Structure formats: C-alpha cells, structure tokens
Amino acid sequence: MLTMATVGFAVTFWAWALLSPLGAALTERLGLSSFEQSLVVAVPVIVGSLGRIPVGALTDRLGARRMFPVVALLTVLPVLYLGHVADSLAEFVIGGFFLGLGGTTFAIGVPFVNSWYPPERRGFAIGIFGAGMGGTAISSFTTVQLSKANGFAFPFDLVAVVLVVYAAVAYLTLRDRDDRKVPAGSMLSRLAATLRMPVTLQMSFLYAVAFGGFVAFSVYLPTYLVNAFGLERSDAAVRTAGFVVLAVIMRPVGGWLSDRVDPAKILIVAYTVTTALAAIVAFEPPLVPVGTACFLAMAACLGAGMGAVFALVARLVPADRVGAVTGVVGAAGGLGGFFPPLVMGAVYSATGGYLVGFLLLAATAAGAAVFTWGVAAKRGRTAAE
C-alpha cells in the first residue's frame, strides 16, 4: 500500500511539474515577460494546493482506492491539452490551472498511509510517501531533454500514458483498511470543524515555509540560475533536479528522526539553518562552490522540515480527521510555494537582482523557527505527555 501510494504521488507530481522546466522555452516561444513566465509555472502550484482541501475531505469519506485512480485519470486531460492544444499565454494558464489537479494527491496519500502504520512508525512511513514529490525531479531531469529530442509534445504524451497505466494498476491493487473510520457530516461542516482546530492553522504555517520553500525553488530555480549565472537551460534544469532529489531523500530522514526525537526540535534546526543560508545566497556568492553548497544544504533542511511537520500532524490529529487536516496543511504548503516565484520575478524585473527576494526568505524562515520554539514545541510536549 505504501509503495502504490508513493508511486501515485510521484507520477501525478511529475505531471504537476511539467511546465516548470519549460519556462524559459515558453518565454522564447510566446515572448513572455519575467512575471508572465512566473505566472505560467506558478498557476498549477496554487490550484494543486487549494484543491487539496476538498480532495483531503473526500478521501476521508471515499477512501484512497477510489481517489487515486480518479485523480490520475482526470490529470491526463490537461496534460494532453498543454502538449497538443495550448499555444498562447492564456491557453497555458488555463491548462496549468487544470494541471494543478495532479498536485492534490498528497492529501490522498497521507491519511491512507497514516491508517496503515502505528503511531511510532508514522513519521518514517509518511516521510517515505512524501518522497514521491521526487516526481518533480523526474520532470526536471527529463522534460527539456525529451522535448528537444522528440518534439514539444512528447513529454506530455509520455506522462499521459504513465498516468493511465498507474490508474489501472491502482484500481486493481489499492485497498483501504476494513476498519477505516468514515467521518459523519457534510464536507463543509467537517472543513469548518477542521479550520477551528488550532493545530490545523499552526501546522499550516510551518508546512507553508518548508514545502513552500521546496516548491518555490523547484519551479523557479531554473529561471534563477539562467538569469543570475547565465547557465544553459538544460544545465539549470539538471542542477535543480539535484536540489529536488536531495530534498526528497531528506524528507523520510526528517520523519525517521521525528519518530525518535521531538519533531519540533528538528523543525527549529531546519528553519534556523535555512535562515542563515538564505542570507548568504542573497548576496550572490560564486555558484561553485559556495552557492551550490548553500542551495543543497537548504534542500536538506527543507526536506527534513517537511517530514517533521507531518510527524507532528500524525501525533496531534485524530485518525478520522487526518485527511481533512492534511488537505488544509497541504494547501498551505502549496500556497507557500505559489507566491515566492511571483515575488522573485517581480523583484528581478524591478531591481535586476534577487537580493530582496532571498532576504524575505531568510526572514520568513527565522519567523518559523521562533514560532516552532514558542508554540509547536509546547503542543508536541503536551501530546507526548
């Protein structure tokens, strides 16, 4: 069950991230400004984020066996539209809007995996599932190269086939626990109750910083490397994939550590180190070795932080509400990744550099470290008692 959920998360995230590596190519093809390019790659992020709220609530009600195949099949439609129909800024924004559906599967997998593991193993299990976000690395490694070698539509066609195959296999093999708790009440009433839980908003902020930082870098780092250091698009895409892969590896590590240490301590360290690294990168040190080392270290911290946040969720949230809470927290994480690319694009257009953008990241990470120390750590200790 864990393997099938992780594969589903990976292939839908692969689809979700298809536009990001092509951002520079679309700029040349459509004559986009920096802000318009940022908009094209950011729209799937915000839709995939907000969509996690209803998808998480539906998963609590319908179960993952239904939701994974349905979402995978529905994602095929915008993938094919973008590969074969879209040919203007408006059309790519519309296609990206519906492509965001691929980013909602996180809210399906977390409650599903959570239900199959005892509390003392959930941090590591959910961390492994979260490694499925490596689908963005697959996109970074392959999309530009496949597009150059086989035509613009080929990576979209390939992903569409993979999604259809996964949907069929998932329908045949996935199963929800027989004793799965189905919550009572309408989706709206359950969502309202979820939003009234203090832990929901607290975990949402922490995940917005960790996952939001990861998503922001995974979608905008190729553009940053091209603009700031003059790299070739393919080189920038491969370097971004390295950032993504390290974050993916560190996510289950963060969950594993959180099964053994207070997750809040993991978060405090991760956010504090991210603050320092963002401040260094703001002044554009040489990419080799200082800049590269800073970005990779940030990837490790953000990945570990993502695993630690959901280890806290598993400790603090009742089983029949994990899907709904995960939907809201996951939405906050995606929204955290929506705004930074737009801010970076606007800052670069206005100033010709990225100093202000990275200083804002440093300030946000510092705020998350202080918040974790003051609030989340207290909740974690209370739950442990």
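Please read these numbers as outputs of a predicted model, since none were measured by experiment.

What counts and what doesn't
Residues numbered from 1 in each chain as written. Predicted model: local features only at pLDDT ≥ 70, side-chain atom pairs only at ≥ 80, totals over all residues. Heavy atoms only, no water. 1 Å grid on protein atoms, 1.4 Å probe; cavity = no way out; pocket = protein on both sides within 12 Å on 5 of 7 lines; lining within 4 Å. Points joined across faces, edges and corners; volume = space filled by probe spheres on them. Helix = DSSP H or I, 4+ residues; strand = E, 2+ residues; numbered from the N terminus. Nonpolar A, V, L, I, M, F, W, Y, C, P; charged D, E, K, R; others polar. Salt bridge = Lys/Arg side-chain N within 4 Å of Asp/Glu carboxyl O. Buried < 20%, exposed > 50% of the residue type's maximum accessible area, 1.4 Å probe, protein only. Arc of directions from axis to C-beta. Contact = heavy atoms within 4.5 Å. Disulfide = S-S within 2.5 Å. Axes fitted to C-alpha atoms, helices over the stretch in contact; angles between N-to-C directions. Parallel < 35°, antiparallel > 145°, perpendicular 65-115°, else oblique. Left-handed = near helix turned anticlockwise from the far one by under 90°.

So, the layout of surface pockets: which residues are in play, and what are the values?
Rolling a probe over the atoms, with the probe sized like a water molecule, indicates the empty space that remains. Reported here for the largest pocket is a volume of approximately 410 Å³. Counting residues per element, the ones that place at least two in the lining of the largest pocket are α12 (198-229), α16 (322-351) and α17 (355-384). Top contributing element to the lining of the largest pocket by residue count: α12, with nine residues. Class assignment for the residues of the lining of the largest pocket results in 16 nonpolar, five polar and no charged. Computed from the structure, the second largest pocket encloses a volume of approximately 300 Å³. Along its surface, the second largest pocket is lined by 16 residues, and Pro-111, Ser-115, Arg-180, Lys-181 and Ala-319 are the ones closest to its centre.

Outline empty space enclosed by the protein, listing residues and values.
Summed over the entire model, instances satisfying the criterion amount to three cavities of 30 Å³ or more. Taken as a whole, the largest cavity encloses approximately 80 Å³ of empty space. For the largest cavity, the full set of lining residues is Trp-16, Ala-17, Leu-18, Leu-19, Ser-20, Val-41, Pro-44, Val-45, Thr-136, Val-215, Ser-218 and Val-219. Of all the elements in the fold, those that place two or more residues in the lining of the largest cavity are α3 (34-50) and α12. Considering only residue class, the lining of the largest cavity consists of nine nonpolar, three polar and no charged. There is about 60 Å³ of room inside the second largest cavity.

Mind laying out the pattern of salt bridges, listing which residues take part and the relevant values?
Opposite charge on two side chains permits pairing when their charged atoms draw close. Taken as a whole and judged by the stated rule, the model has three salt bridges. Asp-87 is the salt-bridge partner of Arg-29, the closest N and O atoms lying 3.2 Å from each other. Residue Arg-29 is located in helix α2 (residues 23-30), and its partner Asp-87 is located in the loop between α5 (64-84) and α6 (89-99); the two are separated by 58 residues in the primary sequence. Given a relative accessible area of 42%, Arg-29 falls into the partly exposed group.

Provide a residue-level description of unusual backbone geometry, including the pertinent values.
At the junction of Val-288 and Pro-289, the peptide bond is cis and its omega measures out at 0° in the coordinates. Within the secondary structure, Pro-289 sits in helix α15 (residues 287-316). At Glu-284, a position not held by glycine, the phi torsion is positive, near 50°. Tracing the backbone through its elements, the reader meets Glu-284 in the loop between α14 (263-281) and α15. When its relative accessible area of 35% is taken as the criterion, Glu-284 is described as partly exposed.

Go over α6 with me, naming the residues and quoting the values.
Regarding α6, the residues found buried are Phe-92, Gly-95, Gly-96 and Leu-99. Considered in projection along α6, the buried side chains sweep an arc of 100° and stay on one side of the axis. Where α6 is buried, its residues contact α1 (2-16), α2, α3 and α5.

Tell me what's going on with the state of the cysteines, and back it up with residues and numbers.
Under the counting rule described, the total for this entry stands at zero disulfides. Cysteine Cys-294 remains unbridged, with the sulfur of Cys-301 as its closest cysteine sulfur at 11 Å.

With reference to specific residues and values, describe the packing of α5 against helix α10 (residues 154-173).
Taken N-terminus to C-terminus, the directions of α5 and α10 make an angle of 165°; their axes are 9 Å apart at the nearest point. Judged by the inter-axis angle, α5 sits roughly antiparallel to α10. In this structure, α5 crosses over α10, and the sense of that crossing is left-handed. Contacts between α5 and α10 involve Arg-65, Phe-68, Pro-69, Ala-72, Leu-73, Thr-75, Val-76, Val-79, Leu-80, Leu-82, Gly-83 and His-84 on the former and, on the latter, Phe-156, Asp-157, Val-159, Ala-160, Leu-163, Val-164, Tyr-166, Ala-167, Ala-170 and Tyr-171. Along the lines of polarity and charge, the residues of the contact of α5 with α10 split into 17 nonpolar, three polar and two charged.

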